[in-house]
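Architecture at a glance
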Amino acid sequence: MEQWRSAVLGPPASFVLDDEVYELSGAWQVLLEYLPAERWHMFVLYGLLHPLDAERLSDRLDDDDDPLTRQEVRAVVERLVQQATGRKWWVAQRLYATLAASWGELDGRLSLRGVELAAMLPNPARVCNLVYGWLVDGADEQGRRRLDMQLTRPPAGMSRRQAAAAWSPQEQGRAFMDAYRSQGDAGGRSPVPVA
């Protein structure tokens, strides 16, 4: 996954699920509050969704005749986080957990340099880049490798094969091309299929 792409394009503005577009009108700051939590998926999604789309999705999940499952929705949210941060969701989760735990120190350091940390929250990829850069600042090669191993280690219960399949190169390329094409048509950010 090319991390610069997410930092430059910004997070997705919508997603497509079963040929229906769902608008993401909420603030990406919800990642700071919910992503570090154990059961974060639905909190993040409902924090991002436009209220009408949140209601529509809730209706679908409550409808016994609708084949959509919560597991499928969680997979969509994981993809959204990956698209927004340019990293696998568990890496972003660890970086956001570090940010939440160290907010005071990092915000203070940046404030001394004239940078407002809160102003970066709408761009999750930049937030992850900032936290990662702060963590590796001054580390030697061995320390950097150790940090990278800790960050990229798949979550408990996930095999390395599942972790590798979380975002295939084909899906990454397809998502980028869809976003690129639709930006030219819409004059800005637009839906990127995730499911």
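Described below are features of the structure shown in this document. (Residues numbered from 1 in each chain as written. Predicted model: local features only at pLDDT ≥ 70, side-chain atom pairs only at ≥ 80, totals over all residues. Heavy atoms only, no water.)

Let us look at the pattern of salt bridges. With the rule as written, the count across this model stands at 6 salt bridges. Of the charged contacts, one joins E20 and R56 as a salt bridge, the two residues approaching to 2.9 Å between their closest N and O atoms. In this pair, E20 sits in strand β2 (residues 20-23) while R56 sits in helix α4 (residues 51-62), placing the two residues 36 residues apart along the sequence. Residue E20 is classed as partly exposed on the basis of its relative accessible area of 28%. Looking at R56, the relative accessible area reads 27%, which means it is partly exposed. One network of salt bridges, with partners in common, ties together D18, R60 and D66. (Salt bridge = Lys/Arg side-chain N within 4 Å of Asp/Glu carboxyl O. Helix = DSSP H or I, 4+ residues; strand = E, 2+ residues; numbered from the N terminus. Buried < 20%, exposed > 50% of the residue type's maximum accessible area, 1.4 Å probe, protein only.)

Of note in this structure, D18 is not a glycine but carries a positive phi near 50°. By relative accessible area, which is 48% here, D18 ends up partly exposed. Although it is not a glycine, D19 adopts a positive phi angle of roughly 65°. As for its position among the elements, D19 is in the loop between β1 (14-17) and β2.

The next point concerns the pairing of β2. Two strands pair when backbone bridges link them, and β1 and β2 are joined in this way by 4 bridges, in the antiparallel orientation. Residue pairing in the sheet places S14 in a bridge with E23 of β2. (Pairing = 2+ DSSP bridges.)

Moving on: the nonpolar core. Ranked by size, the top nonpolar core spans 45 residues in total, and within it F15, L45, L49, L57, V73 and L99 carry the most contacts. Leave out the neighbours within four places in its chain, and L57 touches L17, Y22, L45, Y46, L49, L68 and V73. (Core = buried A, V, L, I, M, F, W, Y, C linked by side-chain atoms within 4.5 Å. Contact = heavy atoms within 4.5 Å.)

Turning next to the packing of aromatic side chains. Two descriptors summarise a pair of aromatic rings, namely the distance from one centre to the other and the angle between the planes of the rings. For the structure shown, the criterion picks out 4 aromatic pairs. A ring pair is formed by Y34 and F43, whose centres lie 5.2 Å apart and whose planes are at 15°; its orientation type is stacked. Ring centres of W89 and W90 lie 5.5 Å apart, and the angle between their planes is 90°; this geometry places the pair in the edge-to-face category. Residue W89 is classed as buried on the basis of its relative accessible area, which comes to 9%. On the basis of relative accessibility, which here comes to 2%, the residue W90 falls in the buried class. Directly above the aromatic system of Y22 lies the positively charged group of R56, at a separation of 4.1 Å from the ring centroid. (Phe/Tyr/Trp six-rings, centres within 6.5 Å; stacked < 30°, edge-to-face > 60°. Lys NZ or Arg CZ within 6 Å of the ring centre and 35° of its normal.)

The angle between the axes and the distance between the axes are what describe a pair of packed helices. One way to put it is that helix α8 (residues 124-136) packs onto helix α9 (residues 141-152) with a least axis distance of 10 Å and a crossing angle of 140°. For the element pair α8 / α9, the angle class is oblique. Where α8 abuts α9, its residues Y132, L135 and V136 lie against R144, L147, D148 and L151. Class assignment for the residues of the contact of α8 with α9 results in 5 nonpolar, no polar and 2 charged. (Axes fitted to C-alpha atoms, helices over the stretch in contact; angles between N-to-C directions. Parallel < 35°, antiparallel > 145°, perpendicular 65-115°, else oblique. Nonpolar A, V, L, I, M, F, W, Y, C, P; charged D, E, K, R; others polar.)

Turning our attention to the side chain of H41. On the secondary structure map, H41 appears in helix α3 (residues 41-48). Reaching out from H41, the side chain makes a polar contact with the side chain of E78 at a distance of 2.9 Å. Sequence-distant contacts of H41, that is, excluding residues within four places in its chain, are made with R74, V77 and E78. (Polar contact = N/O pair within 3.5 Å; in protein donor to acceptor, adjacent residues only side chain to side chain.)

This part covers the pairing of β1. Burial along β1 is two-sided: S14 and V16 facing one way and F15 and L17 facing the other are all buried. Counted along the chain from β1 to the antiparallel partner β2, the turn is 2 residues long, and its residue D18 has a positive phi close to 50°.

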